[in-house]
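Observations on the three-dimensional arrangement
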Amino acid sequence: MIYVFKTSVMSQKAVKKLTAKLNAFIPNSKWNFDLEDCDRILRVESREVTAKQVIDFMNEYKFECLELE
(Lines give C-alpha, C1' and ligand atoms only; values in the text may rest on other atoms or scores of the structure.)
Protein backbone atom coordinates (compact mmCIF):
# COMPACT_ATOMS: atom_id res chain seq x y z
CA MET A 1 0.00 0.00 0.00
CA ILE A 2 1.01 3.56 -0.61
CA TYR A 3 -0.21 6.10 1.91
CA VAL A 4 0.03 9.87 1.55
CA PHE A 5 -0.22 12.13 4.59
CA LYS A 6 -0.35 15.85 5.26
CA THR A 7 1.97 16.57 8.20
CA SER A 8 3.21 19.36 10.43
CA VAL A 9 6.88 18.43 9.91
CA MET A 10 8.56 21.74 9.11
CA SER A 11 12.28 21.09 8.65
CA GLN A 12 14.98 18.67 7.58
CA LYS A 13 16.13 18.71 11.20
CA ALA A 14 12.79 17.19 12.23
CA VAL A 15 13.05 14.61 9.44
CA LYS A 16 16.51 13.63 10.69
CA LYS A 17 15.10 13.14 14.20
CA LEU A 18 12.35 10.90 12.79
CA THR A 19 14.53 8.88 10.40
CA ALA A 20 15.79 6.19 12.80
CA LYS A 21 12.39 5.98 14.50
CA LEU A 22 10.54 5.55 11.19
CA ASN A 23 13.06 2.98 9.95
CA ALA A 24 12.56 0.97 13.15
CA PHE A 25 8.78 1.40 13.07
CA ILE A 26 8.38 0.28 9.46
CA PRO A 27 11.42 -1.76 8.42
CA ASN A 28 11.46 -3.11 4.86
CA SER A 29 9.36 -0.15 3.74
CA LYS A 30 9.94 3.03 1.78
CA TRP A 31 9.02 6.47 3.05
CA ASN A 32 9.90 10.07 2.27
CA PHE A 33 8.92 13.62 3.12
CA ASP A 34 8.26 16.39 0.62
CA LEU A 35 8.71 19.52 2.70
CA GLU A 36 8.48 21.77 -0.36
CA ASP A 37 4.83 20.80 -0.80
CA CYS A 38 2.45 23.10 1.09
CA ASP A 39 1.08 20.03 2.94
CA ARG A 40 4.59 18.82 3.93
CA ILE A 41 3.78 15.39 2.53
CA LEU A 42 4.84 12.08 4.03
CA ARG A 43 4.59 9.14 1.61
CA VAL A 44 4.80 5.62 3.00
CA GLU A 45 4.98 2.47 0.90
CA SER A 46 4.45 -0.52 3.16
CA ARG A 47 2.49 -3.72 3.58
CA GLU A 48 3.39 -3.80 7.28
CA VAL A 49 1.42 -0.85 8.67
CA THR A 50 -1.96 0.81 8.32
CA ALA A 51 -2.63 4.50 7.83
CA LYS A 52 -3.92 4.71 11.41
CA GLN A 53 -0.68 3.23 12.75
CA VAL A 54 1.36 5.85 10.87
CA ILE A 55 -0.90 8.64 12.15
CA ASP A 56 -0.61 7.35 15.73
CA PHE A 57 3.17 7.08 15.34
CA MET A 58 3.48 10.67 14.12
CA ASN A 59 1.13 11.93 16.85
CA GLU A 60 3.27 10.17 19.45
CA TYR A 61 6.17 12.41 18.38
CA LYS A 62 3.91 15.51 18.50
CA PHE A 63 3.44 15.89 14.74
CA GLU A 64 0.07 16.35 13.12
CA CYS A 65 -0.64 13.77 10.45
CA LEU A 66 -3.72 13.40 8.26
CA GLU A 67 -4.19 10.84 5.49
CA LEU A 68 -4.92 12.35 2.09
CA GLU A 69 -7.12 10.65 -0.47
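Above this text you will find the structure in question.
Throughout what follows, the structure given in this document is the object of discussion. (Residues numbered from 1 in each chain as written. Predicted model: local features only at pLDDT ≥ 70, side-chain atom pairs only at ≥ 80, totals over all residues. Heavy atoms only, no water.)

**Describing the environment of Ala14**
Note the threshold: The numbering of helices and of strands both runs from the N terminus, where a helix is a DSSP run of H or I of at least 4 residues and a strand a run of E of at least 2. Partly exposed describes any residue whose relative accessible area lies between the buried limit of under 20% and the exposed limit of over 50%, with all areas from a 1.4 Å probe on protein chains only and scaled to the type maximum. Contacts were defined at the residue level, with two residues in contact if any of their heavy atoms lie within 4.5 Å.
Structurally, the position occupied by Ala14 is in helix H1 (residues 12-25). Given a relative accessible area of 13%, Ala14 falls into the buried group. Considered as a pair, Ala14 and Phe63 are 49 residues apart in the sequence and their alpha carbons are 9.8 Å apart. The residues contacting Ala14, other than those within four sequence positions of it, are Val9 and Phe63.

**Here we look at the pairing of strand E1 (residues 2-7)**
Defined as follows: In short, DSSP must find at least two bridges between two strands for them to pair.
Burial of the side chains of E1 is restricted to one face: Tyr3, Phe5 and Thr7 are buried, whereas none of Ile2, Val4 and Lys6 on the reverse face is. Across five bridges, the pairing between E1 and strand E3 (residues 41-45) is antiparallel. Of the residues in E3, the one forming a bridge with Tyr3 is Val44. Two strands pair when backbone bridges link them, and E1 and strand E4 (residues 65-67) are joined in this way by three bridges, in the antiparallel orientation. Directly across from Thr7, in E4, lies its bridge partner Cys65.

**Side note on the pairing of strand E2 (residues 30-34)**
Across the two faces of E2 the burial differs, with Trp31 and Phe33 buried and Lys30, Asn32 and Asp34 not buried at all. The pairing of E2 with E3 spans five bridges and is classified as antiparallel. In the strand pairing of E3, Lys30 is matched with Glu45. Linking two consecutive strands that pair antiparallel, namely E2 and E3, is a turn of six residues; a positive phi of about 45° is found at Arg40 within it.

**Considering the packing of H1 against helix H2 (residues 51-60)**
Heads up, the condition is: Only the contacting stretch of a helix is used when fitting its axis, a line to C-alpha atoms as for every element, and angles between N-to-C directions run 0 to 180 degrees. Left-handed describes a crossing whose near helix is turned anticlockwise from the far helix by less than a right angle; the clockwise case is right-handed. Classes in brief: Ala, Val, Leu, Ile, Met, Phe, Trp, Tyr, Cys and Pro nonpolar; Asp, Glu, Lys and Arg charged; the others, Gly included, polar.
Where H1 meets H2, the closest approach of the two axes is 12 Å, and the angle between their N-to-C directions is 150°. Handedness of the H1/H2 crossing: right-handed. Contact with H1, carried on its side by Leu18, Lys21, Leu22 and Phe25, involves Gln53, Val54, Phe57 and Met58 of H2 and no other residues of that element. In terms of residue class, the contact of H1 with H2 is built from six nonpolar, one polar and one charged.

**Re the sheet that holds E3**
Taking strand neighbours across the sheet as the criterion, the four strands line up as E2-E3-E1-E4 in an open arrangement whose pairing is antiparallel. Each edge of the open sheet is held by one strand with a lone partner, namely E2 and E4. Looking at each pair of strands side by side, their axes are set apart by 25° on average, direction ignored.

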